[in-house]
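These are the residues of each chain, in order.
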Amino acid sequence: MESAVQPTVSPNATEEPSDLTLLTTLGTGKYVDVTYQYGQQQFTTSLVPVALAEWFKPTKTIVLLTEQAKNSDYWQLLSKKVQNCQEAKIPEGRSEEEYWKIFDIVTSALSGSKEVILDITHGFRSLPVIVLLAAVFLQESQGVKMRHIFYGAYEARDKDKGEPAPIFDLSPMLDLVQWAVATNRFLETGDARKLGHLLEEIQRRFYTSVEVSAGKEPPKQLQSAGQALSKLSQAIDLVRPADIREYSQKLMEELVTAKTEIQLFARPFELVREHVQAEFGGLKQGDLASQRDLIKWYLDHGRILQAMIFAREWVISWTAEAINRGDLKDRESIEHALNQVIHRSEGRDPTKAKDIDPDIVKSVNDLEAREQLKDIWSELGGLRNDLAHCGFRKDRRKVNRLPDQAKEIYCLLRELEC
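Because the structure is a prediction, the values reported are computed rather than measured.

Student: Account for the overall build of the protein chain, naming residues and giving values.
Tutor: Broken down by element type, the protein chain carries 18 helices and 8 strands. Counting contacts in the protein chain only where the partners sit at least 6 residues apart, residues at least 24 apart contribute 67% of the total. Surface exposure of the protein chain reaches about 22,100 Å², of which carbon and sulfur atoms provide 48%.

Structure follows, in structure tokens:
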């Protein structure tokens, strides 16, 4: 049933971490001896997990078994050939309830593992699909790293030529899930850091994995493009318009430079590349109209707090341009003047602050748009302060009204010519 083991292991075989779990399956079919090959490594066996255990030296091997599979000679053979082999009994999968039970068993068996190798070669019926879905869930929810997902393609060998059966690593397909999660996050919130990290990871793999890089010219531009995405997203999070402009310009350049490598090595990103360029391309402009568009961008992506923080600074910038006083040192005087516009209309005589330029105060009060500014500054100040105090106010606003109030303020900003 099991022939003599004949390993031919490459000296360049990838070293795996010591805390490694191999999760495999065993059915009731007839398994015959064949030489399997992964990279430069070969091993003759009827059971793929025997070869994988020899190559990767897992800390433990968990075998999913139905009652019938447990009673087979193959389980007895596997448990003898592989050290630290543990059974995980599963139902046949004859109902939806049993599918969920299998899911629970898999997630429970792998919970707490740092890194996992999945082997779906000998899985029966829908079991490989359930195992893969459980792996996806654990990777996203608990950070369990899926190092490899192996399938021994017995039927893919050229029997007449005596060629070995290849073992395929399907783990890149699991990356599609991460790309989907990252893309969804980008589309909903505008946060592209996860997309950036995935681009960086692709290039990193080519420089750290012998198996991946063998015979291939590694990418050289993906890391820079990924870093540009991450830096831009961070600048957007922190509401830094000058940095947003700089990093947006840098990102556009990097995406053009890396276009060919994206098409070759990052196909999932290629599907959203144009959307990323359209989403962020306009941010590289630094004029007032473009900055006002950024406020709307924040609102469209549900970032009300950031939108209102920036809106307040935008009104000061608009006023500075209107009175031809654009130095940063003038912003405090402009802010004081805008406050005076409101206070005087309320019959109040605010105490003059120190170091306030009276000429700036006069210029603001003489603006033709003075009444518009009064309404905007009053509404904006109220909402911005409510958000900044995080609801710790006796007269705090209702959460469900905040988005509409923020949009109303943006509409007031649109009335200012720029």
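Student: So what about the pairing of strand 1 (residues 20-25)? Which residues, and what values?
Tutor: Within strand 1, 6 of the 6 residues are buried, leaving the element largely enclosed by the surrounding structure. Burial along strand 1 is two-sided: the face carrying Leu 20, Leu 22 and Thr 24 and the face carrying Thr 21, Leu 23 and Thr 25 are both buried. Relative to strand 6 (residues 115-119), strand 1 runs parallel, the two sharing 5 bridges. What sits directly across from Leu 20, in strand 6, is Glu 115.

Student: Tell me what's going on with the packing of helix 9 (residues 222-237) against helix 10 (residues 241-257), and back it up with residues and numbers.
Tutor: Viewed as axis vectors pointing N to C, helix 9 and helix 10 meet at an angle of 160°, and their least axial separation amounts to 9 Å. The angle between helix 9 and helix 10 falls in the class roughly antiparallel. In this structure, the crossing between helix 9 and helix 10 has a hand that is left-handed. Counting all contacts with helix 9, which are made through Ser 224, Ala 225, Ala 228, Leu 229, Lys 231, Leu 232, Ala 235 and Ile 236, the residues of helix 10 involved are Asp 243, Ile 244, Tyr 247, Ser 248, Lys 250, Leu 251, Glu 254 and Leu 255. Split into classes, the residues belonging to the contact of helix 9 with helix 10 amount to 10 nonpolar, 2 polar and 4 charged.

Student: Hey, could you go over a nonpolar patch on the surface for me, with residue numbers and the actual values?
Tutor: There is a patch of nonpolar side chains on the surface, built from Phe 168, Leu 170, Met 173 and Leu 176 and spanning about 360 Å² of accessible area. Note that Leu 176 resides in helix 6 (residues 171-189).

Student: Describe the sheet that holds strand 3 (residues 41-45), with residues and values.
Tutor: Taken together, the 8 strands give an open sheet; going across it, the order is 3-2-8-7-6-1-4-5, and neighbouring strands pair in mixed fashion. Of all strands in the sheet, those with a lone pairing partner are strand 3 and strand 5 (85-89), marking the two edges. Between one strand axis and the next, the sheet turns by 25° as a mean value, whatever way the strands run. Here helix 1 (residues 48-56) sits on the sheet in contact with strand 1, strand 2 (34-38), strand 3, strand 6, strand 7 (145-152) and strand 8 (165-169), set at roughly 140° to strand 3.

Student: Now, about the side chain of Gln 178: what can you tell me, with residues and values included?
Tutor: Turning to its location among the elements, Gln 178 is positioned in helix 6. Relative accessible area serves as the criterion here: at 13%, Gln 178 is assigned to the buried category. Among all residues touching Gln 178, those that are not within four sequence positions of it are Gln 139, Glu 140, Lys 194 and Leu 198.

Student: If you had to explain the packing of aromatic side chains to someone new, which residues and values would you point to?
Tutor: Using the criterion set out here, one finds 12 aromatic pairs in the structure. Ring centres 5.5 Å apart and planes at 75° place the aromatic pair Trp 100 and Phe 103 in the edge-to-face group. Placement of both Trp 100 and Phe 103 in helix 4 (residues 96-110) is noted, with a separation of 3 residues, approximately one turn of the helix. Taking the centre distance of 6.2 Å and the plane angle of 50° together, the rings of Trp 179 and Phe 269 count as tilted.

Student: Tell me about helix 14 (residues 304-322), residues and numbers included.
Tutor: If you check helix 14, its first and last C-alpha atoms are 26 Å apart, about what 19 residues at 1.5 Å a residue would give, namely 27 Å. Buried residues dominate helix 14, accounting for 14 of its 19 residues. Phi turns positive, to about 60°, at Asn 324, one or two residues after helix 14.

Student: Tell me about the packing of helix 7 (residues 193-208) against helix 9, residues and numbers included.
Tutor: Two numbers describe how helix 7 lies on helix 9: the axes approach to 7 Å, and their chain directions differ by 160°. Classified by the interaxial angle, the pair formed by helix 7 and helix 9 is roughly antiparallel. As for the relative orientation of helix 7 and helix 9, their crossing is left-handed in sense. Of helix 9, the residues touching helix 7 (which contributes Arg 193, Leu 195, Gly 196, His 197, Leu 199, Glu 200, Ile 202 and Gln 203) are Leu 222, Gln 223, Ala 225, Gly 226, Gln 227, Leu 229, Ser 230, Ser 233, Gln 234 and Asp 237. Partitioning the contact of helix 7 with helix 9 into residue classes produces 6 nonpolar, 9 polar and 3 charged.

Student: Go over the pattern of salt bridges with me, naming the residues and quoting the values.
Tutor: Side chains that differ in sign of charge can pair as their charged atoms come close. Enumeration over the complete set of coordinates arrives at 26 salt bridges. Measuring nitrogen to oxygen at the nearest pair gives 3.8 Å for the salt bridge that ties Glu 313 to Arg 312. Assessed through its relative accessible area of 33%, Glu 313 is described here as partly exposed. One salt bridge connects Glu 408 with Arg 401, and the closest N-O pair in it is separated by 4.0 Å. Judged by relative accessible area, which is 44%, Glu 408 ranks as partly exposed. For Arg 401, a relative accessible area of 35% corresponds to the partly exposed category.

Student: An account of the side chain of Arg 303 is needed here, citing residue identities and associated values.
Tutor: Along the chain, Arg 303 falls in the loop between helix 13 (288-300) and helix 14. Sequence-distant contacts of Arg 303, that is, excluding residues within four places in its chain, are made with Thr 189, Gly 190, Asp 191, Ile 236, Asp 237, Trp 297 and Tyr 298.

Analysis parameters
Residues numbered from 1 in each chain as written. Predicted model: local features only at pLDDT ≥ 70, side-chain atom pairs only at ≥ 80, totals over all residues. Heavy atoms only, no water. Helix = DSSP H or I, 4+ residues; strand = E, 2+ residues; numbered from the N terminus. Contact = heavy atoms within 4.5 Å. Areas by Shrake-Rupley, 256 points an atom, 1.4 Å probe, with all protein chains shown as cover. Buried < 20%, exposed > 50% of the residue type's maximum accessible area, 1.4 Å probe, protein only. Pairing = 2+ DSSP bridges. Axes fitted to C-alpha atoms, helices over the stretch in contact; angles between N-to-C directions. Parallel < 35°, antiparallel > 145°, perpendicular 65-115°, else oblique. Left-handed = near helix turned anticlockwise from the far one by under 90°. Nonpolar A, V, L, I, M, F, W, Y, C, P; charged D, E, K, R; others polar. Patch = residues over 30% accessible without salt bridge, like charges linked within 9 Å, V, L, I, M, F, W, Y side chains within 5 Å. Salt bridge = Lys/Arg side-chain N within 4 Å of Asp/Glu carboxyl O. Phe/Tyr/Trp six-rings, centres within 6.5 Å; stacked < 30°, edge-to-face > 60°. Expected span 1.5 Å × (residues − 1).

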